[in-house]
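Listed here are the chains, written in short residue letters.
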Amino acid sequence: MPSPYASRLAKTLTPYVPGEQPAARRLIKLNTNENPYPPAPAVLEAIAAAAGDLRLYPDPGCAALREAIARRHGCGLTGQNVFVGNGSDEVLAFSFLAFFDPGSPIVFPDITYSFYPVFAKLFSIPYRTVPLNPDFTLDVHGMSSPSGGVVFANPNAPTAIELPLPQVRRIVAAHPGKVVLLDEAYIEFGNESAVRLIKEYPNLLVVKTFSKSHALAGLRVGYALGDEGLIKTLNDVKDSFNSYPVDRLAQAGAAAALCEEAYYKKTIEAIRKTRDQSAAALKAMGFMMPDSNANFLFMQHERVHAIELMRRLRERGIVVRRFTLERIENRLRVTVGTEEQMGALISELKKILG
Ligand SMILES: *Cc1c(COP(=O)(O)O)cnc(C)c1O
């Protein structure tokens, strides 16, 4: 029940429900797509060094980190093409506020990251959902019809399916004058980022995060890449909320992570390998799933319902995620853990399935 003091807006909110963060450390946690490997050691050293200056406010413009991000992506981008926020969730929220209007319905897929409808409602932006195709791929034609703006994740969540770049381009090109917000939270586990399209399309904003591929979910750093004008507008929105959202430790840790590409290449490769091996083993046990280009599997068993599987895995100390949307209520979204964790998942599932 909202407080009787709640504003009219606050009374109508339906907040996003994050995956559980269980207190019990012994659980095998495969429910929120965190990276099973630790961040690179140099990241922790950089954070410890930055702690010496906690007395001081952080750089409100995140200049050093923005430069480092631009350098890492190349494609002719500079710090002026980078906006940094407190996790990509915040970057997405600022983007909804910065680029979408109450008078003009935006579109996103019916099955996608469940924060999008939450932001749309918070900022009174009307939206229309475009159903995914029966095989859960994106309906490119449907996403290309006129609208007030477009939002989609690539690879999509929770389906783990990546839309090939030529089709991403088609959607971006179909909306000149409207912003296409492309959430690439999982692209490092997939094939081809759309960052290279930014110089060609001033309406494309690509949002990325250090949470998944760079094992820094607890640090809260995300960013957007796009035309300088888009970035300037995002900074105007940010500076109207809080000029210092990204703290000193987060800026230092994220910048250090960008210098450790060899380490991250190895851990990402390990996750991809474990993902593909686990998928093959699970398919042999009667699970169906689309090919994953992310760090999770979106699976359904031919015989046993997802609710039952989820409950029985939990009893055995393994936590996975399920969504209640009708089209996908019989599916589990399982984060790819270490080889050992996935081995435990598979052996418990074998027992459950008899
Ligand atoms: C995890 C996730 C995010 C949020 O990432 P943070 O940077 O941790 O806020 C955004 N979009 C999608 C699709 C995600 O799965």
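This structure is a prediction, so every number in the text was calculated from the model and none was measured. (Residues numbered from 1 in each chain as written. Predicted model: local features only at pLDDT ≥ 70, side-chain atom pairs only at ≥ 80, totals over all residues. Heavy atoms only, no water.)

Engineer: Would you explain helix α3 (residues 63–73) in this entry?
Structural biologist: An α-helical turn contains 3.6 residues, so any two residues separated by three or four positions project in the same direction. Buried within α3 we find L65, R66, A68, I69, A70 and H73. For α3, the secondary structure elements touched by its buried residues are β2 (82–85), β7 (204–209), β8 (222–225), α8 (228–238) and α9 (248–258). Directly after α3, the chain includes G74, whose backbone phi takes a positive value near 60 degrees. (Buried < 20%, exposed > 50% of the residue type's maximum accessible area, 1.4 Å probe, protein only. Helix = DSSP H or I, 4+ residues; strand = E, 2+ residues; numbered from the N terminus. Contact = heavy atoms within 4.5 Å.)

Engineer: Would you mind going over the side chain of S147 with me for this structure?
Structural biologist: Along the chain, the position of S147 falls in the loop between α6 (140–143) and β5 (150–153). Classification of S147 as buried rests on a relative accessible area of 13%.

Engineer: Sorry, what's going on with the sheet that holds strand β9 (residues 287–288) here?
Structural biologist: Either a parallel or an antiparallel arrangement is found when strands of a sheet pair, and the pairing is made through backbone hydrogen bonds. Ordered by their spatial adjacency, three strands build an open sheet running β9-β10-β12, and the pairing between neighbours is antiparallel. Every interior strand has two partners, whereas the edge strands, β9 and β12 (332–335), have only one. Against the sheet, helix α10 (residues 261–284) touches β9 and β10 (296–301), its axis set at about 0 degrees to β10. (Pairing = 2+ DSSP bridges. Axes fitted to C-alpha atoms, helices over the stretch in contact; angles between N-to-C directions.)

Engineer: What should I look at first to understand the side chain of S95 in this one?
Structural biologist: Structurally, S95 can be placed in helix α4 (residues 88–99). Given a relative accessible area of 0%, S95 falls into the buried group.

Engineer: Help me out: how do you make sense of the environment of P155 in this one?
Structural biologist: Note on placement: P155 falls in the loop between β5 and α7 (165–173). We classify P155 as buried; its relative accessible area is 1%. With 139 residues separating them along the chain, P155 and A294 place their C-alpha atoms 6.4 Å apart. With residues near it in sequence (within four places) discarded, P155 still touches A160, I161, E162, Y186, I187, N293 and A294.

Engineer: How should the pattern of salt bridges be read in this particular structure?
Structural biologist: Once the charged atoms of two side chains with opposite charge are near each other, the side chains can pair. Going through the model one piece at a time under the given rule, you end up with 19 salt bridges. Across the pair E308 and R312 runs a salt bridge whose closest N-O atoms are separated by 3.3 Å. A residue pair is termed a helical-turn pair when its members lie 3 or 4 positions apart in one helix, as E308 and R312 do in helix α11 (residues 306–315) at four residues. Owing to a relative accessible area of 29%, E308 belongs among the partly exposed residues under this scheme. (Salt bridge = Lys/Arg side-chain N within 4 Å of Asp/Glu carboxyl O.)

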